[in-house]
Amino acid sequence: MELEGRVALVTGAGRRLGRALAAALASRGLAVALHHHASAEGAEALRDEIRAAGGRAECFAADLTDAAAARELPARALRALGRLDVLINSAAVMHQLSLEETTIEQWDAIFDLNLRAAFFCTQGAAPALRESRGKVVNLADLAGLEPWPAYAAHSVSKAGVVMLTKVLALSLAPEVTVNAIAPGAVLVPADYDEATRSFLAGTTPLRRLGAPADVISALLYLLEGGDFVTGATLVVDGGRLVGQPGRRADGQADSDG
């Protein structure tokens, strides 16, 4: 796909990885619909930066735990920017909650944002994406490919994103490709101390933590060069998944609970 002049909707674009991905797409000449909920300040600041650089960007507030709001979001972006070519389902939460700690309300909140929102946002975007022969990229997680019992609901929700990607790929073919990126230790939680960060880097085969630039490179491959790729999950983890059996990216052994 030639990206210049296209329009992308990025959910969770006000902070962390979603913000970095949205900024990267704007730098490649896409107009960007910046979704936010609790991070309005970050999204609005990014919008202003994109506009100052000569690009197009609009902000869209929505609580994506409301499935109807998630389904309506792409139509709002379409009305404002005129077309829709790319959907990045990035909005998510990551809470450290074990089996015993997780309440019904916490489980529902995690699944409503991490999984259900991506389903209904894609459902809402499907007509426009079919018309433009567009692309969907979901943000999964290494936790969706290996069990993280300390992040029980998060891990299961991200496994759901991996399967959702496959289902959507078949549902939207041949007009639309749907893939996922599963980052490892790229933007680790802010409360991780230096010892945990050093452990993660030292037990990663490439001997470093990742950076947003690593995920951006994967995203640009899927958008610009991955025209014959759909239903795939591209793991960006420095080799942890294959190189460290028994050690998860949350820094705990598989036997830990």
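Structure: see above.
Note that the structure is a prediction, hence the values are computed from the model and not measured.

A. The arrangement of the layout of surface pockets in detail. For the largest pocket, the calculated volume is near 990 Å³. Around the largest pocket, the lining is made up of 41 residues, and of these Arg-15, Arg-16, Ala-92, Val-93 and Met-94 lie nearest the centre. Broken down by element, the residue count for the lining of the largest pocket peaks at three residues, all from helix 1 (residues 16-27). Partitioning the lining of the largest pocket into residue classes produces 22 nonpolar, twelve polar and seven charged. Each pocket or cavity is described by its volume, and for the second largest pocket that value is around 180 Å³. The wall of the second largest pocket is formed by 17 residues, among which Ala-26, Gly-29, Leu-30, Gly-55 and Arg-56 lie closest to the centre. Listed by contribution, the elements that provide at least two residues to the lining of the second largest pocket are helix 1 and helix 2 (40-52).

B. Spotlight on the side chain of Ser-155. Here Ser-155 is to be found in helix 5 (residues 152-172). Sequence-distant contacts of Ser-155, that is, excluding residues within four places in its chain, are made with Ala-143, Gly-144, Glu-146, Pro-147 and Trp-148.

C. Quick look at the pairing of strand 4 (residues 86-89). Along strand 4, one buried face is formed by Val-86 and Ile-88 and the opposite face, lined by Leu-87 and Asn-89, is buried too. As paired elements, strand 1 (residues 7-10) and strand 4 share three bridges and run parallel to each other. For Ala-8, the partnering residue across the bridge sits in strand 4 and is Val-86. Sheet topology places strand 4 next to strand 5 (residues 135-139); four bridges connect them, and they run parallel. Residue Val-86 lies in a different strand from strand 5, and its bridge partner there is Lys-135. What joins strand 4 to strand 5 is helix 4 (residues 104-132), and the crossover it makes is right-handed.

D. Broad picture of the sheet that holds strand 1. If you trace the seven strands from one edge of the open sheet to the other, you get 3-2-1-4-5-6-7, paired in parallel fashion. Of all the strands in the sheet, just strand 3 (57-61) and strand 7 (233-236) have a single pairing partner and so form its edges. Strand-to-strand, the axes of this sheet are offset by a mean angle of 20 degrees, without reference to chain direction. In the packing of helix 3 (residues 67-81) onto the sheet, contacts are made with strand 1, strand 2 (31-36) and strand 3, and the angle to strand 3 comes to roughly 150 degrees. The strands that helix 5 touches are strand 5, strand 6 (177-183) and strand 7; relative to strand 6, the one it contacts most, it runs at about 165 degrees.

E. Fine view of helix 2. An ideal rise of 1.5 Å per residue puts 18 Å on 13 residues; helix 2 measures up with 18 Å between its terminal C-alpha atoms. Considered for burial, the residues of helix 2 that qualify are Gly-42, Ala-43, Leu-46, Arg-47 and Ile-50. Relative to the axis of helix 2, the buried residues are bounded by an arc of 135 degrees and lie together on one face. Turned more than 90 degrees from where helix 2 packs its buried face, Glu-41 and Ala-52 sit exposed. If you follow the buried residues of helix 2, they end up packed against helix 1, strand 2 and strand 3. Positioned one or two residues after helix 2, Gly-54 has a phi angle of 95 degrees, which is positive.

F. Structural view of empty space enclosed by the protein. Tallying each qualifying case throughout the model produces one cavity of 30 Å³ or more. As a volume, the largest cavity reaches approximately 90 Å³. Forming the walls of the largest cavity are 14 residues, and the residues nearest its centre are Asn-89, Ala-91, Leu-113, Asn-114 and Ala-118. Taken together, the elements giving at least two residues each to the lining of the largest cavity come down to helix 4, strand 5 and helix 5. With five residues, the top contributor of residues to the lining of the largest cavity is helix 4. Among the residues making up the lining of the largest cavity, the classes are represented as nine nonpolar, four polar and one charged.

G. Local environment of the pattern of salt bridges. Applying the stated criterion to the full structure yields eleven salt bridges. The salt bridge involving Asp-112 is made with Arg-116; its shortest N-O contact spans 3.7 Å. On the criterion of helical spacing, the pair formed by Asp-112 and Arg-116 is a turn pair, its members being four residues apart in helix 4. Judged by relative accessible area, Arg-116 falls into the partly exposed class, the value being 33%. Within this structure, Arg-6, Arg-83 and Asp-85 form a network of salt bridges that share partners.

Criteria and cut-off values
Residues numbered from 1 in each chain as written. Predicted model: local features only at pLDDT ≥ 70, side-chain atom pairs only at ≥ 80, totals over all residues. Heavy atoms only, no water. 1 Å grid on protein atoms, 1.4 Å probe; cavity = no way out; pocket = protein on both sides within 12 Å on 5 of 7 lines; lining within 4 Å. Points joined across faces, edges and corners; volume = space filled by probe spheres on them. Helix = DSSP H or I, 4+ residues; strand = E, 2+ residues; numbered from the N terminus. Nonpolar A, V, L, I, M, F, W, Y, C, P; charged D, E, K, R; others polar. Contact = heavy atoms within 4.5 Å. Buried < 20%, exposed > 50% of the residue type's maximum accessible area, 1.4 Å probe, protein only. Pairing = 2+ DSSP bridges. Right-handed = clockwise from strand over helix to strand, strands pointing away. Axes fitted to C-alpha atoms, helices over the stretch in contact; angles between N-to-C directions. Expected span 1.5 Å × (residues − 1). Arc of directions from axis to C-beta. Salt bridge = Lys/Arg side-chain N within 4 Å of Asp/Glu carboxyl O.

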